[in-house]
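# Architecture at a glance
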Amino acid sequence: MTQAAITSPRAKPAPGLSGLLGSRTLRTAGVLFILWLGLALHPDTREAFLTSGNLSNVTAQVAEIVIIGVGMTFIVLTGGIDLSVGAAMALFGVVAATLQIDHHMPAVVAILAAIGVAGIVGLWHGLLVTRLRIPPFIATLSGFLAYRGLALLLSDARGLSPMSPDFAWIGGQIPVGAAFAVCTVGYAIGMLVMISRERRRRAFGLPPQAMTALVAQGLAMTVVFGLLLAIYQDGMPVPVLIAGIVTALGGLMLRASRVGRYAFAIGGNAEAARLSGIPVARVKVIVYLMTALLTAIAALISAARTNGVTPGNMGLIRELHVITAVVIGGTSLSGGRATMLGTLLGALIFGTLSNGMNLLNVNSNWQLMFTGAILLGASTLDSLAIRTEGQ
Amino acid sequence: MTAALELLRIEKSFGGVRALRGASMAVQPGEIMGLCGENGAGKSTLLKVLAGVHSFGSYTGDVIVGGRVRKLFRPVDARQAGIAVVHQELMLVPELSVAQNLLLGREPSRFGLVDEARLESNARADLARFGFAEQIDVTKPVGELGIGLQQILEIVRALSLDAKILVLDEPTAALTGQEANLLLGWLKSLRASGTTCIYVSHRLDEVFEICDRVTVLRDGRTAATLVTSEVTPSRIVAEMVGRNIDLQTRAAPLGARSEPPMLTLQGFHVNRVMNHTEHKADDADERRFVVADVSLSLQPGEIVAVCGAMGSGRTALLSSLFGCARAGFSGQVTLDGKPAQLDSPIAAIRQGLAFVPEDRKGRGLVLGMSVAENLALTSLASREVMGNGARLGLVDDVGEARFAERQIRALRIRGEAGVEVSTLSGGNQQKVVLGKWLARPPKVLLLDEPTRGVDVGAREEIYAILEGLAQRGVAILFASSDLVEVLRLAQRIIVLRHGRSVGELNAVDATENSIVELSTGASSVGAAAHPASNDPIRGRAPSHSSSSLRV
C-alpha cells in the first residue's frame, strides 16, 4: 500500500459514467431511444419497424455515414470541416468502378486504387490547410466542386454497372454464426477493457470509479450486446461490421491515442497546443488523410450495395448528412469537444428518422425539412446547455 | 476658473481587485495634463471610465465636464460630454479611404445612399482645419499612410466630433522619432488654439516636453499633481514608485561561478511582423526590429529578469527564444554550449527550453481540458509518464493520472486532477502551466509575467518553485512589469527600452527607481546636456529647452 498516500486527501471518485460519455451523449442516446419507442408504438410503423430485417437494414444504411463520421469527428474536433466527402465518394467510386468494368481489373486492385486516390486527396487537403493556410471550409469546398467534376469526366458521365462479382461481398452479409461470434468478441473485449482499466487504477492507488458507474457501464454494454444479437439474428451486413470496427478503432484513437489527445488540444486552444510542442500541422494532416481514406471505404460500400456507381448522384449531399450526425452527436463545430459514441448515435438518429419517415410514407420534401429541424433542435439544446453551464 | 474636466474620487473594482481607489484630477481649459503611473497603477482603468467603457454605477465618483456632473453609462455618453479618447491601438479601417474613415458612422447621405462628394469635401474641410490638407490625400486608403499620420488622423477624427477634451493614450508608442516629433509639435499648436488634452505616456521626456502639469497615479489613487517646469523627472519617478519595498526578501546574489553559460545571446535581433500595407520606404531600425541587438548570458541556476515598459520588447525577446518569431530573427544564440535552432516551439523544447507565456488562458492552457490532461500535454510521448504504450502512440490515462497527482502534490495545486482547469484560481492555473514543463526539468525556463493575476500567497509559492528549480541548475529568464517581483526574484536585471538593452543591474544595487529611470528614459532626460546621442534608437533631437529640465 505504498501508493495509498497519493489518493488520501482527494479520494473523490474519478470521472464515472457521465464523465466518460459526457451528459450530452446520454441525452443523444435518450433521443434515439424515444425515437425507437415512438416508431415501435405508432400504429402505422409498429409492425414494420421493430423487425430484425428493418433494423439491420437501417444500420446498413447508416454505415457509410458512421464510417465517414468517424473521420469527420476528428476534423471538426480540431476546428476544421470537410465539405468534400460526398463528391469524393463519387470520385473514389468511379475509380473503383472504371477499373473493374472498363479495365477488367480484379476487385482487389480496384479497392487499392480507390484507397490510393483517397490518400492523395487527404494529403492534398492537409497540405492546403497546414502549408498554404487555406481555411478548411474553402479548401474542401473546392474539392466539393472539383471531385464530382472529375468523377463525371473520368466516367464520361455514364452510370457504371454492374461491379465485378468478387466485389459484391463488401455489400453482403456474414452468416449468423460469425455475426454472433463477432458480437461476443466485441462484448468480451469491452468488458475486459473496463475491468482491467479499473484494476490498474486501483493497483496504482488512484481513486476508483464509483461502483454504480461501473455497473451502469456493464449494463449498457450488455443491453447493446443483446440488441445486436436480436437485430443480426439472420446475419450481419458487412458494412455494419466494417462500421463497427472503424468506430471502435476511431473511439480508441480519440480517447487513448496521442493523436486524439492532440486533436482535443488543438481544437481547444491551438496556440497553447503549439507552445506545448504539439506537432499541430502533422495532426491536422493525419485527420484529413484519415477522413479521405474512410470516405473511400464508404464509397466502396456504397458501390457494392447498389452494384454500381452513378457519378452524378453518388454521395450527393452526403457531407451534410455526415456533419449533421457529428453535430447531433455533440461534437462542437468550434472545436475542442467530441465523442465517438455521440457520432455513432447521431448517425443512428439520422438513419432511424429517415427510415421512420419512409415507413410513414412522408414525402421526401418533408423529410428534408424534418431533418433540418432535428439538427436545429439538437444545436439549440446544446447552446442552451452551454449557456446555463457558463452561468 | 471652472476646470475643463474634473474627476472626483473615482473608484472602480474588478471582483475583489480595487483598480481605482479614489483617483482625482482637474484639467484646466487649454492645458496639456500628463498622466503617469506604473503598470497597474490604474491609468487604463481611468481611461476606460472616461471613454464610457466602464458603465456609471460600476464606477463611483464624479466626472465633471465644464462644471456639469456627467454620468457616463456608454461610450456615446462620453462622446456627448465632449470627451474623446484616442486609444493606443488605432481604430481605423486600413482598407477604407481617409475620407471614409474620418466620417465613419456619420456618412452624409443623399437619396438613402452615401453622398460621396459631400463625404470627401467634409473630410477635406476637417483636414484643412487642422492643417493637414496638403499632407494627407483623403482618397488614399488609410493603410497606405505611415503610422504617424494614421495617429494624427485618429486625433483629427476625434476633434472633428467637437471634442472638448482630448485624451491620448500613449500616442507615440508605435511612432518613430520623426513621426513623434511631428505629432508633439502639432499637439503644441493645438494647445495654442485652446484644445484641452490629457496625455498618457510612459516616456517622461515627452511628458516634460509638452505637458504643463502631470498627475501621477499610484495604486489606484492620485499620488501627486506636479507642475513640470518646477520638478525633475526623478521626482515623478519617485511619486510613481512611492513605496519603500521591504528589502529583506531579496534574491541572493549568485556566487561567482566558473561554469560555462547555459544560454548566450549575441547581437540578437527580432524582426517586426510587417503589415504589407505599411510604408516600405520606412526602414528605421525601430520599425524593423522589435528586439534590437540584445546580448546576454545566463549561468545554470541563475535567475535573470527582463524589465521595460510595455512594447519594449520583453515579450518578443522571450517568445522568439522559444521559436515563435514570426518574422524571423538574427544573431547568435547558444544553448548549453551548442548553437541553438529556434525555428519552432517543438525545436526549442527538444533543446531544453520551456516557456510560460503571459496570457495564461489564451496561450498557456487548454481551458476545456482537465488539470491532468493539461499537465500531461507536453509529456504524452514520454515513456516515463505514459509507459510502453507511448511507443505505439497511446495515451495511458492511468499513467497520466499518476503523473498529474505527482505534480499536484509537488506544486501544491489546489484542484483535483479530473476537474476542468478553467475552474481553478489564477494562481493554481499558473502552477499547472508551470507544472507541464516539470516532468523533466528544462535547461532554460522562460517566463513572461510569471505571476500576473495571481494572489499574494500563490505568488510566494511560485517564487519558491522557481528558486527550487534554479537550485537544481535550471537557468531562468523572466519578464515582468512588477518591480517588487523583479527585485524579489532576480539576481540580475536587464532593462529594455524600444527593443534595446539600455542597462544591466545587479540585484544588490538595483532599486525600483533605478529600473524605472532606465526603462522610461528619465535618466537620459536628466542628463540632457548631450541630447542627441543619449537615445540612439529614437534618434530624436529633443526640441525642448534643457534649462527647465536640468536637475
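Residues numbered from 1 in each chain as written. Chains lettered and ligands numbered in written order. Predicted model: local features only at pLDDT ≥ 70, side-chain atom pairs only at ≥ 80, totals over all residues.

## Topic: the sheet that holds strand β1 (residues 5–14) of chain B
Residues and elements named next belong to chain B.
- Pairing is antiparallel in the open sheet, where four strands are placed in the order β2-β1-β4-β5. Two strands bound the open sheet, and with one partner strand each, they are β2 (17–27) and β5 (68–70). Sheet twist, expressed as the mean angle between neighbouring strand axes with direction ignored, is 20°. (Pairing = 2+ DSSP bridges. Helix = DSSP H or I, 4+ residues; strand = E, 2+ residues; numbered from the N terminus. Axes fitted to C-alpha atoms, helices over the stretch in contact; angles between N-to-C directions.)

## Description of helix α1 (residues 43–51) of chain B
- Most of α1 of chain B is tucked away: eight of the nine residues are buried.
- All of the buried residues along α1 of chain B are K43, T45, L46, L47, K48, V49, L50 and A51 of chain B. (Buried ≥ 20, exposed ≤ 12 C-beta atoms within 10 Å, placed from the backbone.)

## Side note on the pairing of strand β4 (residues 59–65) of chain B
All names here are of chain B.
- Note: β1 against β4, six bridges, orientation antiparallel. When the sheet's bridge partners are listed, K12 is paired in β4 with Y59.
- The sheet contact formed by β4 and β5 spans three bridges and is antiparallel. The residue bridging V63 from the neighbouring strand is R70, located in β5.

## Considering the nonpolar core
- In terms of nonpolar packing, the biggest core is built from 266 residues, with I67, F92, A114 and L300 of chain A together with V167, L446 and I493 of chain B touching the most fellow members.
- Tallying contributions element by element places helix α13 (residues 280–306) of chain A first for this core, with 17 residues.
- Apart from residues lying up to four places away in sequence, V167 of chain B is in contact with L47, L50, I83, A84, V85, V86 and I198 of chain B. (Core = buried A, V, L, I, M, F, W, Y, C linked by C-beta atoms within 7 Å. Contact = placed C-beta atoms within 7 Å.)

## Details of the interface of chain B and chain A
- Taken together, the 27 residues of chain B in the interface contact 28 residues of chain A.
- Secondary structure elements with two or more residues in the side of chain B that touches chain A: α11 (345–350), α12 (360–364) and α15 (397–411) of chain B.
- The element best represented in the side of chain B that touches chain A is α15 of chain B, accounting for four residues.
- Taken together, the residues of the side of chain B that touches chain A break down into 16 nonpolar, six polar and five charged. (Nonpolar A, V, L, I, M, F, W, Y, C, P; charged D, E, K, R; others polar.)

## A few points about the domain arrangement of chain A
All names here are of chain A.
- Domain parsing of chain A yields domain 1 (19–171 + 238–382) and domain 2 (176–234).
- Contact with domain 1, which involves five residues of that partner, is made by six residues of domain 2.
- The element contributing the most residues to the side of domain 1 that touches domain 2 is helix α4 (residues 52–77), with four residues.
- Residues that form the side of domain 1 that touches domain 2 fall into these classes: two nonpolar, three polar and no charged. (Domains from an automatic or database assignment.)

## Re the confidence of the model for chain A
- Overall, the predicted model of chain A reaches an average pLDDT of 89, with 92% of residues at or above 70.
- Considering only residues more than four positions removed or in separate chains, one finds that residues 1–22 of chain A, a stretch of pLDDT under 50, has 36 contacts. (pLDDT = per-residue confidence, 0-100.)

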